[in-house]
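# Coordinates in review
One letter stands for each residue in the lines below.
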Amino acid sequence: MKLLTATRERQGERNGDFCHAVEGELVLVGDLCATDEADPDGDCGCGRAFSGMSSLRPTTTALVRDLDLSIRDLRLAVQGYFVAFGMGPEVIGPVEFAEVVSASVDDMVDIALYLPDGAVVGRRLDNLVWRSEPSEVGGP
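Residues numbered from 1 in each chain as written. Predicted model: local features only at pLDDT ≥ 70, side-chain atom pairs only at ≥ 80, totals over all residues. Heavy atoms only, no water.

### Focus on the pairing of strand S5 (residues 62-66)
Looking at chain direction, strand S1 (residues 2-6) and S5 are connected through five bridges and run antiparallel. Bridging across to S5, Leu3 finds its partner in Arg65. Where S5 lies against strand S6 (residues 120-124), two bridges are found, and the strand directions are antiparallel. Bridging from a neighbouring strand, Ala62 pairs with Val121 of S6. (Pairing = 2+ DSSP bridges. Helix = DSSP H or I, 4+ residues; strand = E, 2+ residues; numbered from the N terminus.)

### Some points on the packing of helix H2 (residues 71-84) against helix H4 (residues 94-113)
Where H2 meets H4, the axes come as close as 9 Å, and the angle between the chain directions of the two elements is 125 degrees. Our classification of the angle between H2 and H4 gives oblique. With respect to the hand of their crossing, H2 and H4 are arranged in right-handed fashion. Across the interface between the two elements, Ile71, Leu74, Arg75, Val78, Gln79, Phe82 and Val83 from H2 touch Phe97, Val100, Val101, Ser102, Ser104, Val105, Met108 and Val109 from H4. (Axes fitted to C-alpha atoms, helices over the stretch in contact; angles between N-to-C directions. Parallel < 35°, antiparallel > 145°, perpendicular 65-115°, else oblique. Left-handed = near helix turned anticlockwise from the far one by under 90°. Contact = heavy atoms within 4.5 Å.)

### Some points on the packing of aromatic side chains
What describes a pair of aromatic rings is the distance from one ring centre to the other and the angle between the planes of the rings. In the structure shown here, the tally under the stated rule is two aromatic pairs. Centroid distance Tyr81 to Phe82: 5.0 Å. Interplanar angle 70 degrees. Geometry classified as edge-to-face. Accessibility expressed as a relative area gives 5% for Tyr81, which makes it buried. A relative accessible area of 8% places Phe82 in the buried class. With a centroid separation of 5.6 Å and 15 degrees between ring planes, the pair formed by Tyr81 and Phe85 is classed as stacked. Exposure remark for Phe85: the relative accessible area of 48% places this residue in the partly exposed category. Among the aromatic residues, ring-to-ring pairing joins Tyr81, Phe82 and Phe85 into one connected group. (Phe/Tyr/Trp six-rings, centres within 6.5 Å; stacked < 30°, edge-to-face > 60°. Buried < 20%, exposed > 50% of the residue type's maximum accessible area, 1.4 Å probe, protein only.)

### Quick look at the layout of surface pockets
Here the largest pocket is characterised by a volume of approximately 570 Å³. Lining the largest pocket are 27 residues, and of these Leu28, Val29, Gly30, Asp31 and Ser51 lie nearest its centre. When residues of the lining of the largest pocket are traced back to their parent elements, those giving at least two are strand S2 (27-28), strand S3 (50-52), H2 and H4. With five residues, H4 is the single largest residue contributor to the lining of the largest pocket. (1 Å grid on protein atoms, 1.4 Å probe; cavity = no way out; pocket = protein on both sides within 12 Å on 5 of 7 lines; lining within 4 Å. Points joined across faces, edges and corners; volume = space filled by probe spheres on them.)

### A look at a negative patch on the surface
A surface patch of negative charge is lined by Asp66, Asp68, Asp73 and Asp117. In this structure, Asp68 sits in the loop between S5 and H2. Classification of Asp68 as exposed rests on a relative accessible area of 80%. (Patch = residues over 30% accessible without salt bridge, like charges linked within 9 Å, V, L, I, M, F, W, Y side chains within 5 Å. Areas by Shrake-Rupley, 256 points an atom, 1.4 Å probe, with all protein chains shown as cover. Salt bridge = Lys/Arg side-chain N within 4 Å of Asp/Glu carboxyl O. Lys, Arg positive; Asp, Glu negative; His and termini not counted. Charge placed at Lys NZ, Arg CZ, Asp CG, Glu CD.)

### Things to note about the sheet that holds S3
Strand order in this open sheet of three strands is S2-S3-S4, and the pairing throughout is antiparallel. Every interior strand has two partners, whereas the edge strands, S2 and strand S4 (58-59), have only one. Inspection of the sheet shows S3 paired to S4 by two bridges, in the antiparallel sense. Bridging from a neighbouring strand, Phe50 pairs with Thr59 of S4.

Any link to function would need more than the numbers given here.
This is the structure we're talking about:
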C-alpha cells in the first residue's frame, strides 16, 4: 500500500524546511497548534510538517512509497505511535484511543491513495503541496 514516509529529498528548497525525522520512516499529518494554525510559517513548524511515527520527530517533506504493509501492520504502527506520544488508551481511554487510531489509519491510506509512488510532497496546514513529480525525485 502507498504511504507517506520521511525524506530529505527536496529539503532546503523552501524557507523553513527541516527534516529531523528518520529517512524512510512512516509519517502522518499531525494536529496543528494555535500558532501555526494562524500562520503555517510560524515558529512551531507543525503547520508545514509531518510527524515521524518512530522518531516522533518532524519533517517538511514526505516521499510516497509503495510498502509491503497490511492494514493490520499499519494499525499496529499507529497504535505504537500514539502510545509513545503519550496518548495511549490508559491516558485518553480505550474507546477514544480506538477511534483516534482508526481515523489515523484511514487518513494515512486515503492521503496516499491517489498520489504517485515516488512523488515528494510538503504540507501547508491541511493541504498537501507538490515538491516533485516521481520522475524528479533525486533531481536538482
